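# Inside the fold
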Amino acid sequence: GSRALKTRGNTPKYGLIFHSTFIGRAAAKNKGRISRYLANKCTIASRIDCFSEVPTSVFGDKLREQVEERLAFYETGEPPRKNLVVMKEAVVEANEVVAEVKRKQEKKEKKKKKREKRQLEALAAAAEVENSVLETEENDVEPKKKKKKKQQELEAEVELEEDEGEEEEL
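Residues numbered from 1 in each chain as written. Predicted model: local features only at pLDDT ≥ 70, side-chain atom pairs only at ≥ 80, totals over all residues. Heavy atoms only, no water.

Moving on: the overall build of the chain. Along the backbone of the chain there are five helices and zero strands. Ordered by position from N to C terminus, the α and β elements of the chain give α-α-α-α-α. Counting every position in the chain, which comprises 170 residues, the buried fraction comes to 17%. Across the chain, every contact between residues at least 6 apart in sequence was considered, and the portion connecting residues at least 24 apart equals 51%. Of the roughly 14300 Å² of accessible surface on the chain, a fraction of 54% belongs to carbon and sulfur atoms. (Helix = DSSP H or I, 4+ residues; strand = E, 2+ residues; numbered from the N terminus. Buried < 20%, exposed > 50% of the residue type's maximum accessible area, 1.4 Å probe, protein only. Contact = heavy atoms within 4.5 Å. Areas by Shrake-Rupley, 256 points an atom, 1.4 Å probe, with all protein chains shown as cover.)

Formed by Phe22, Ile23, Ala26, Ile34, Tyr37, Leu38, Val67, Leu71 and Tyr74, the largest nonpolar core amounts to nine residues. The contact partners of Leu71, leaving out residues within four places of it in the chain, are Phe22, Arg25, Ala26 and Ile34. In this structure, Val58, Leu63, Val86 and Ala94 belong to the second largest nonpolar core, which totals seven residues. (Core = buried A, V, L, I, M, F, W, Y, C linked by side-chain atoms within 4.5 Å.)

Now for the environment of Pro80. Tracing the sequence through the fold places Pro80 in the loop between α4 (58-76) and α5 (83-169). Judged by its relative accessible area of 24%, Pro80 is partly exposed. Once the C-alpha coordinates of Pro80 and Arg70 are considered, the two residues, 10 residues apart in sequence, prove to be 6.1 Å apart. Those residues in contact with Pro80 that sit more than four places away from it in its chain are Glu69, Arg70 and Phe73.

This part takes up the confidence of the model for the chain. Of the residues in the chain, 79% have a pLDDT of 70 or more, and the chain-wide mean is 83. Element-level pLDDT for the chain is lowest in helix α1 (residues 2-7), with a mean of 68, against a maximum mean of 93 in α4. (pLDDT = per-residue confidence, 0-100.)

A separate point is the packing of helix α3 (residues 31-51) against α4. Relative orientation of the contacting elements α3 and α4 amounts to 170 degrees, with a least axis distance of 10 Å. With respect to α4, the axis of α3 lies roughly antiparallel. When α3 is examined against α4, the residues Arg33, Ile34, Tyr37, Leu38, Lys41, Ile44, Ala45 and Ile48 are found in contact with a partner set consisting of Phe59, Leu63, Gln66, Val67, Arg70, Leu71 and Tyr74. (Axes fitted to C-alpha atoms, helices over the stretch in contact; angles between N-to-C directions. Parallel < 35°, antiparallel > 145°, perpendicular 65-115°, else oblique.)

With that settled, the discussion passes to the pattern of salt bridges. Enumeration according to the criterion identifies eight salt bridges in this entry. Lys62 is the partner of Glu93 in a salt bridge, and the nearest nitrogen-oxygen pair spans 3.2 Å. Remark: Lys62 occurs in helix α4 and Glu93 occurs in helix α5; sequence separation between them is 31 residues. Glu93 gets classed as partly exposed once you look at its relative accessible area, which sits at 33%. For Glu100, the salt bridge is made with Arg103, and the minimal N-O distance between the two is 2.5 Å. With Glu100 and Arg103 both in helix α5, this residue pair falls three residues apart, about one helical turn. For Arg103, a relative accessible area of 48% gives the class partly exposed. The network of salt bridges with common partners includes Lys62, Glu65, Glu69, Arg81, Glu89 and Glu93. (Salt bridge = Lys/Arg side-chain N within 4 Å of Asp/Glu carboxyl O.)

With 21 residues, α3 ought to run about 30 Å at 1.5 Å a step, and its terminal C-alpha atoms sit 30 Å apart, in line with that. Those residues of α3 that sit buried are Lys31, Gly32, Ile34, Ser35, Tyr37, Leu38 and Lys41. (Expected span 1.5 Å × (residues − 1).)

In this section: α4. Every α-helical turn comprises 3.6 residues, leaving residues that sit three or four positions apart pointing alike. When the terminal C-alpha atoms of α4 are compared, their 27 Å separation across 19 residues agrees well with the 27 Å that a helix rising 1.5 Å per residue should span. The first or second residue beyond α4 is Gly77, which carries a positive phi of 85 degrees.

Relative to the elements of secondary structure, Lys41 occurs in helix α3. Look past the residues within four positions of Lys41 in its chain and what remains in contact with it is Leu63, Gln66, Val67 and Asn83.

In structure tokens, the structure reads:
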């Protein structure tokens, strides 16, 4: 902490991490060691989370296993797996998980595109129906105009005949 740096005293051994169940389970003499180890694993986990494109819990699970193994090592002396081995396993598993996630995303994209295509087709069909309805309405309007023209022609013919009839009378 900053207080220790200002007073040039010893840096504190326990902070938030001290409340972890991992440290609670450790023997008194190993609390400092396991808290440092846990802090380092937390740092690695946050870096992985920050820089990985697809979020996955694989690395977190592996890091947790490492902390468990380290605790067991302090208690029983059973040597934990080497970090290189654990991380190689994690990379393989993470790649599988990422591949699966990407496959699912591609499936979703295909479904979404299909749905959008169907919607566009439906809209186009609706627009065609609307256009045909408008055309039929226009067609309905045109015959009325023709009727008027026919009526006007008929009236004109009748007038002509009347005029002719009047002329004949003269």
